[in-house]
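Descriptive structure summary
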Amino acid sequence: QVQLVESGGGLVQAGGSLRLSCAASGRTFSSYNMGWFRQAPGKDREFVATISWSGGTIAYYADSVKGRFTISRDNAKNTVYLQMNSLKPDDTAVYYCAADLSLTPTMTPREYDYWGQGTQVTVSS
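Residues numbered from 1 in each chain as written. Predicted model: local features only at pLDDT ≥ 70, side-chain atom pairs only at ≥ 80, totals over all residues. Heavy atoms only, no water.

What follows is about the packing of aromatic side chains. To describe a pair of aromatic rings, one takes the distance between the centres and the angle between the planes. Taken as a whole and judged by the stated rule, the model has five aromatic pairs. Their ring planes at 70 degrees and their centres at 5.9 Å tell us that Phe 37 and Phe 47 sit as a pair that is edge-to-face. In this pair, Phe 37 sits in strand β4 (residues 33-39) while Phe 47 sits in strand β5 (residues 46-51), placing the two residues ten residues apart along the sequence. Across this residue pair, the class does not change: Phe 37 and Phe 47 are buried. (Phe/Tyr/Trp six-rings, centres within 6.5 Å; stacked < 30°, edge-to-face > 60°. Helix = DSSP H or I, 4+ residues; strand = E, 2+ residues; numbered from the N terminus. Buried < 20%, exposed > 50% of the residue type's maximum accessible area, 1.4 Å probe, protein only.)

Overall, antiparallel pairing links the four strands, which are arranged β1-β3-β8-β7 in an open sheet. In the strand order of this sheet, the two ends are held by β1 (4-7) and β7 (69-74), each with one partner. Neighbour to neighbour, the strand axes of the sheet diverge by 15 degrees on average, direction disregarded. (Pairing = 2+ DSSP bridges. Axes fitted to C-alpha atoms, helices over the stretch in contact; angles between N-to-C directions.)

Within the element layout of this structure, Arg 68 appears in the loop between β6 (59-61) and β7. With a relative accessible area of 11%, Arg 68 lands in the buried category. Among residues more than four places away in sequence, those in contact with Arg 68 are Gln 83, Met 84, Asn 85, Ser 86, Leu 87, Lys 88 and Asp 91. (Contact = heavy atoms within 4.5 Å.)

Attention now goes to unusual backbone geometry. Residue Asn 78 is not a glycine yet carries a positive backbone phi of 50 degrees. Assignment of secondary structure puts Asn 78 in the loop between β7 and β8 (79-84). A relative accessible area of 18% means that Asn 78 is categorised as buried. Not every positive phi belongs to a glycine, and Ser 86 is a case in point at roughly 50 degrees.

All right, on to the pairing of β1 then. In summary, the side chains of a regular strand alternate between the two faces of the sheet. Only one face of β1 is covered, namely the face carrying Leu 4 and Glu 6; the face carrying Val 5 and Ser 7 is uncovered. Taken together, the four bridges between β1 and strand β3 (residues 18-24) define a ladder with antiparallel strand orientation. Paired with Leu 4 across the bridge in β3 is Ala 24.

What follows is the structure in structure tokens.
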């Protein structure tokens, strides 16, 4: 069982930056691929970024955030991060982190086994 708690959301102006954190419980954090997803009002949950288990040598990004967002992990702290730069109003959403035990990281929400409660990110124009 893994429990995930996101933090770091808030209100920021367009062009600004935020860093989201997701703290995980349990001793097997390094065994999980970790992903970030987001959901805006009236829209489906969408993939943002994912990073592979252990050393995090593989990372994938949604085209909409590529070059602006960076996912990273610190296994010693059981934490995954999402650094978000050059934020746009379209980035406004609730951001969720998720954990997955697949061999390779996936962009599909239903493949993830555990989810956090989400943190709100609002980007004003």
